[in-house]
Amino acid sequence: MENYRKNQYDSNNSCAGESAGQESDISAENPPETTEESSARSQLIYDTGEAFLNDSRTAHNIHLLTIIGEIEGHDTAGSQVKTTKYEHILPRLALIEDDVNTDGLLILLNTTGGDVDAGLSIAEMIASLSKPSVSLVLGGSHSIGVPLAVSTTWSFIVPTGTMIVHPVQMSGRVIGAPQTYEYNKRIQDRITGFIASHSRTTQKQLEKMMMENTKLTKDLGTILIGEEAVQAGLIHETGGIQDALRKLHELIEGNCSDFGLKK
């Protein structure tokens with residue numbers, strides 16, 4: 001049950017406020033944004049859904065990443081479907097880990113789920129970051145979006161946000177043999193195992209939620225709204241963007257080797 005990940009900073013990594021540059025006057029280090037910089041920032045948000053948050057009060061540099069729509073896998077989704085492409089997110093996460101000027105990661109989630117391998121690969125990358133990260137579930141984080149939501153150091157969900165836990169669904173050609181069921185079960189175990197190791201719930205509890213047959217009209221599974229996701233042990237707290245940023249600043253300022261996550 002007490003499986004919350006505690007990021008371990010390398011002794012050579014620096015926390016916010018430890019560098020010599022941050023000891024100087026913060027206002028001098030953060031001059032007003034120019035028109036060109038503002039335009040570039042807006043264009044980055046428009047093109048990629050990403051942004052760089054520079055808090056002049058704390059001198060923390062936070063990378064904002066959005067995961068929306070369908071998590072696209074090896075097959076390209078239709079032109080009318082909003083997607084998050086893993087081939088874009090994985091290199092970005094590697095750059096965030098390698099960038100000494102990035103202190104933390106904030107992830108905004110509003111996803112219907114999608115490809116299992118793509119979703120788990122992103123979740124594993126987020127979970128292995130040495131820098132503090134916070135996720136905020138907005139409209140919803142369904143299916144493979146659940147591992148993404150719990151992969152961060154700390155997680156929030158807005159009161160009206162939803163999370164759906166349901167069995168793995170297979171598409172394409174299905175062979176009616178026991179091996180097919182066993183393969184499907186192993187895929188499901190990968191998902192539930194990851195969720196259980198990064199939250200306060202267990203694989204047994206997750207499997208029970210997956211097999212619930214009274215909650216959804218067209219599928220097996222469970223829908224959790226806001227505080228219900230916290231009660232189920234998937235998410236740490238309910239809250240909004242203010243709470244998510246406040247927590248991320250606390251984690252950045254905290255002990256480098258142990259964030260002291262509540263148990």
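Everything here concerns the structure above.
What you are looking at is a predicted structure, and each value in this text was computed from that prediction instead of being measured.

(A) Summary view of the packing of helix α4 (residues 116-127) against helix α6 (residues 178-197). Packing of α4 against α6 leaves a shortest axis separation of 11 Å and a crossing angle of 25°. In terms of their interaxial angle, α4 and α6 are classed as roughly parallel. Once α4 is placed against α6, the crossing between them reads as left-handed. Counting all contacts with α4, which are made through Val116, Asp117, Leu120, Ala123, Glu124 and Ala127, the residues of α6 involved are Ile187, Arg190, Ile191 and Phe194. Across the contact of α4 with α6, the residue classes break down as seven nonpolar, no polar and three charged.

(B) Structural detail: the nonpolar core. Counting residues in hydrophobic clusters, the biggest one holds 39 residues, and the most contacted among them are Leu93, Ile122, Leu148, Leu234 and Ile235. In terms of residue count, the dominant contributor to this core is α4 (six residues). Setting aside anything within four residues of it in sequence, one finds Ile122 in contact with Ile67, Ile71, Tyr86, Ile89, Leu90, Leu93 and Leu148. Core analysis: the next-biggest nonpolar cluster, separate from the first, contains 14 residues, Leu64, Leu108, Val158 and Ala244 among them.

(C) Quick peek at the packing of aromatic side chains. In this structure the tally under the stated criterion is zero aromatic pairs. Here Lys247 stacks its cationic end above the ring of Trp154, 4.1 Å away from the centre of that ring.

Analysis parameters
- Residues numbered from 1 in each chain as written.
- Predicted model: local features only at pLDDT ≥ 70, side-chain atom pairs only at ≥ 80, totals over all residues.
- Heavy atoms only, no water.
- Axes fitted to C-alpha atoms, helices over the stretch in contact; angles between N-to-C directions.
- Helix = DSSP H or I, 4+ residues; strand = E, 2+ residues; numbered from the N terminus.
- Parallel < 35°, antiparallel > 145°, perpendicular 65-115°, else oblique.
- Left-handed = near helix turned anticlockwise from the far one by under 90°.
- Contact = heavy atoms within 4.5 Å.
- Nonpolar A, V, L, I, M, F, W, Y, C, P; charged D, E, K, R; others polar.
- Core = buried A, V, L, I, M, F, W, Y, C linked by side-chain atoms within 4.5 Å.
- Buried < 20%, exposed > 50% of the residue type's maximum accessible area, 1.4 Å probe, protein only.
- Phe/Tyr/Trp six-rings, centres within 6.5 Å; stacked < 30°, edge-to-face > 60°.
- Lys NZ or Arg CZ within 6 Å of the ring centre and 35° of its normal.

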